[in-house]
Amino acid sequence: MAAKYDVLGSRAPRLDAPDKATGRARFADDLNLPGQLYGALLQSPHAHARIKRIDVSRARRLRGVKAVLTGQDLPPILYGVSPARYDEEVLARDKVRHVGDDVAAVAAVDLETALEAVGLIQVEYEPLPALLTAEQALAEGAPAIHDLFPGNLCAEVHQEFGDVAAAFKQCHLIRSGRMVNKMQDGAFLEPNACIAEFDRRGNLTLYSSTQAPHYVQRTAAMVLGLNMSQVRVVKPYVGGGFGPKAAATPLELAACFLARRSGRPVKMGFTREQVFLFSRARHQFFHEMKIGVAKDGTFLALEHRCTLDGGAYSSFGIATVYYAGSLLGGPYRLPNMRYDGWRVFTNKPACGAQRGHGGVIARALFEQQLDLIAQELGQDPIALRLQNTMQAGDVTCNDLNMSSLGMRECLQAVGDGSGWRGKRGRLPRGKGIGMASGFFVSGAGYPIYRSETYHATVTVKVQEDGGGVKVLTGAAEIGQGSDTAMAMIAAEALGIPLRDVRVESGDTDLGVDLGAYSSRTTLMTGHATKEAAEDAREQILQALAEELGVVRGRLSIRRGRVKIAGGPVDIGPLRGRYLKEHRGWTDQPTGRELSFREAARVAYLRQGTIVGTGKYKPPPLGGEYKGAAVGTSPAYGCSAQVAEVSVDLETGQVFVERITDAHDCGQAVNRTSVEGQMEGSVSMGLGEALFEEVKFDSKGRVLNPSLGEYHIPTIMDMPQMKCIVVESNEPNGPYGAKEVGEGAIMPTIPAILNAVYDATGAVIDELPLTPERVLAAIKKAGQNKKGGRRKG
Amino acid sequence: MSSHRIRLTVNGVAREILAPANRTLAQLLREDLGLTGTKQGCGEGDCGSCTVLLDGEPVNSCLVLAVQAHGHEVLTIEGLAQGRELHPIQQAFVELGGIQCGFCTPGMILSAKALLDKTKRPSQEQIRRALSGNLCRCTGYQKIVEAVSEAGRRLSRGRR
């Protein structure tokens, strides 16, 4: 049987891989502009303090210093992520709210001079009580971190779907549990960097290591008082983002102001320590859940409370506090759900979005509790989940529409793929196997600012010689492989080989694209790319049909050749014209079929440059209730994982030995990239489960702001992973494709927790699973003596 | 800051550079020679992104002073491919999906080169040990291990 697609679903090497393998790929810090200055930031040493006085006179006098700015020099414009919660200043005017809050910015002829000037700035602070925990911040009489938010409550959510109280009365079994994680760091390998440059007409170009050029463009325009058309944000190659690079940073905005002030390009970068101090990574979540089920294991009700330690600013946190509740709507049928969430300001670096935005710890607790419920009911954990999983066509109690859902296939795949049946309950003490499921949006249903904007617009320009096409998009390739995915979609839609497609991306001049977050690019930019490529194809075939004097419907393109249905057509004259134009060329078209190149060339000769355009925005989604937008998506990805662990019963150390992972991505655009997202997700989840914790001292200073002390998984920590790609053919996705970038992280933590329970009998409600914590839990579970709960 | 005249060989080319005493090898490569394929992810020797080979041995070039490279031979990622042809390690990383964001890639590939120069067909364990100083946040390392293993196979067969 012929393959369904010629390009999609293959393992084509990434377009950018050869340049990345040879050091040719340029990242922000690799760029240099003639006459550039180097910028540096003065950051607060206090977690909470009033700024009484700033003296920059010595810094200004230092030889080589070209600009010094404080908050007083900038327009008093607040910005942020959600317009309803704009609470950030590029440079603090009156107050600093966390250690590392930005106070002044300097541009000088070299970095050493800029740093020296920063050291010469004198700031008089009046320290205020530092509120370092949600508890302290919510306490009666605590000082307000933001005047706009007395009581330090950034946002609260109260939602009820169905009738939770009535449902609990019907339950045969009710279980309660809690879970707390620690603040994480994105730990992308490339520290944020940028260069800002103004031309003499006042137009700004900002090169930046961002996940979301569009949002950076919008924020920079707003803060600098420019039209968006005067601001061009260009994203070079980006060394990972995972969420924290999804919004404008004070680094970028300070560079813009310094460039405007000095009249010269300004290059700036965070040190690794500054990456930690800026954060915007995973929140600390305090979850409590009560789950009720019927006698046969049918899920009936969930009561869920969550407090988020948000740090000093709102950032993406409004979305986070909603996601923490709404993403439990799936993938199981759960008719009654109540969620109360609170996000609290504290004097720590602001938290934001990180892979699996808002849902990861909620999922960890929920899936842990499901295993305990299965045990009490005497059911197999996979069987309990299979019994309750939704299927395509179902709608969750909070109005999320499961247009496709390969959950059942994922569960069966990891069961079979891991040898679950032969292992569960049969492993010796200290060895365990556990599983969990996951669920995530395939692109946020709405932009972060209220707007009817398209979420993606794409242009496919057919090169005038006909030799290929160029995909022009603002989409952000940050390592996930979106350039390659868009090229493959365009190639498939045009019917040409992948090598004939080039991609230019990550530039706001190329179109609107909301950015690489919420696992949106494959579906949303993919739709727009497909539409643009089809538009270009139609124009070419229409022109060709007229040229050949046949009806358009007889023509199609496949694998770079023009197919003409319904009897022979004389292509001789057309080919003759092409050959005449290319005398002396060595790669002349041959054979009985016209090539795409000939067709595209003749179309150009008839009507000028062929440009196809495409656009995408989701249809209106979701319910009517407050906050209904967060969690909506045109499609949902789902996943299941089995973790096999060994636990050293003497030390409490956990080793993850094997992961079996299945993810429903609708349709794999690039199979290698899909697996790459799955494997990368597992590693981030494993790190969060076992090691990762940003630690603070009593004054709010980060104790471990380095990749040596903040432990992300090394190659020694990662187990063998078996990835199984499930394809449910999503009706709302381009060629059936949907997300894989974030949903794949969801099951990792609970699968490990459940495996550790299987190995030791310890139910652990705090992450990460440090040896001390695991050992204490094992002791508490009374499992340390010979003859465990169910293992001889 | 006193400056020193440093003579070293970079990617087979003899170089002579005047550098201040506190200049790191990473800075010398990136800023003085424009070899930006060497990445800097931390500047403290934690991440391995700046790995280059100094007389064939992998080093964190952010922790090596430029003056320490005086009289030595440095191989950076730019010096690995011969002409238009990718080196077999690069080729395997490209084909097998060992590259995502690409920031760790130059360091990974050079650490792999140092390993494969000594051990033609390394075990999984040997590969993991050799790359344990190179962090990657994107891939989960699996496809990197596979790429190094495959590159070892190809190199020991003496074909690309």
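Residues numbered from 1 in each chain as written. Chains lettered and ligands numbered in written order. Predicted model: local features only at pLDDT ≥ 70, side-chain atom pairs only at ≥ 80, totals over all residues.

Chemist: Give a description of the interface of chain A and chain B that names residues and reports values.
Modeler: Across the contact, 44 residues belong to chain A and 39 residues belong to chain B. Listing elements by their share of the side of chain A that touches chain B, those giving two or more residues are helix H1 (17–22) and helix H18 (671–690) of chain A. It is H18 of chain A that contributes the most residues to the side of chain A that touches chain B, 7 residues altogether. Classifying every residue of the side of chain A that touches chain B gives 20 nonpolar, 15 polar and 9 charged. (Contact = placed C-beta atoms within 7 Å. Helix = DSSP H or I, 4+ residues; strand = E, 2+ residues; numbered from the N terminus. Nonpolar A, V, L, I, M, F, W, Y, C, P; charged D, E, K, R; others polar.)

Chemist: Break down the pairing of strand S14 (residues 299–311) of chain A for me, with residues and values.
Modeler: Residues and elements named next belong to chain A. Summarising burial for S14: 12 of the 13 residues are buried, a large majority. Here strand S13 (residues 284–293) runs beside S14; their pairing, made up of 10 bridges, is antiparallel. If you follow Val293 over to S14, its bridge partner there is Phe299. Between the antiparallel neighbours S13 and S14 lie 5 residues, among them Gly297 with a positive phi of about 95 degrees. Inspection of the sheet shows S14 paired to strand S15 (residues 336–345) by 10 bridges, in the parallel sense. Its bridge partner lying in S15, His304 is registered against Tyr339. A crossover connection joins S14 to the parallel S15 through helix H9 (residues 317–326); in handedness this β-α-β unit is right-handed. (Buried ≥ 20, exposed ≤ 12 C-beta atoms within 10 Å, placed from the backbone. Pairing = 2+ DSSP bridges. Right-handed = clockwise from strand over helix to strand, strands pointing away.)

Chemist: Just give me the short version of the domain arrangement of chain A, but keep the residues and values in it.
Modeler: Residues and elements named next belong to chain A. Domain boundaries assigned for chain A yield domain 1 (17–23 + 454–616), domain 2 (31–128 + 189–240 + 245–278) and domain 3 (284–446 + 623–780). Relative placement of domain 1 and domain 3: their C-alpha centres are 40 Å apart. Domain 1 puts 17 residues into the contact, and the matching count from domain 3 is 23 residues. Contributing elements (two or more residues each) for the side of domain 1 that touches domain 3: helix H14 (482–494) and helix H15 (521–548). Looking at the side of domain 1 that touches domain 3 residue by residue, the classes come out as 6 nonpolar, 8 polar and 3 charged. (Domains from an automatic or database assignment.)

Chemist: Tell me about the sheet that holds strand S25 (residues 720–726) of chain A, residues and numbers included.
Modeler: Residue and element names in this part refer to chain A. One open sheet holds the 4 strands; their spatial order is S16-S23-S24-S25, and the pairing between them is mixed. Looking at strand neighbours, the two that pair on one side only are strand S16 (431–441) and S25, the edges of this open sheet. In this sheet, adjacent strand axes meet at a mean angle of 15 degrees when their direction is disregarded. With 10 bridges connecting them, strand S23 (residues 636–647) and strand S24 (residues 654–664) associate as antiparallel partners. The partner of Cys638 across the bridge, within S24, is Asp664. Here helix H19 (residues 748–760) sits on the sheet and contacts S16, S23 and S24; the angle it forms with S16, its principal contact strand, is near 160 degrees. (Axes fitted to C-alpha atoms, helices over the stretch in contact; angles between N-to-C directions.)

Chemist: Give a description of helix H2 (residues 88–96) of chain B that names residues and reports values.
Modeler: All names here are of chain B. Along H2, 9 of the 9 residues are buried, which leaves the element largely enclosed by surrounding structure. Of the residues making up H2, those classed as buried are Pro88, Ile89, Gln90, Gln91, Ala92, Phe93, Val94, Glu95 and Leu96. Of the residues trailing H2, Gly97 is marked for its positive phi of about 80 degrees.

Chemist: Break down the environment of Ala196 of chain A for me, with residues and values.
Modeler: Residue and element names in this part refer to chain A. Within the element layout of this structure, Ala196 appears in strand S9 (residues 193–198). Each C-alpha atom of the pair Ala196 and Ala259 lies 6.1 Å from the other, and the pair is 63 residues apart in sequence. The residues contacting Ala196, other than those within four sequence positions of it, are Leu204, Leu206, Ala255, Cys256, Ala259, Pro265 and Val266.

Chemist: Describe the pairing of strand S11 (residues 231–234) of chain A, naming the residues involved and giving the relevant values.
Modeler: It is a general feature of regular strands that their side chains alternate between the two faces of the sheet. Residues and elements named next belong to chain A. Alternating residues of S11 divide into Val231 and Val233 and Arg232 and Val234, and every residue in both groups is buried. With 4 bridges connecting them, strand S10 (residues 204–208) and S11 associate as parallel partners. Pairing of Tyr207 across the sheet is with Val234, part of S11. With helix H6 (residues 213–224) bridging S10 and the parallel S11, this β-α-β connection has right-handed handedness.

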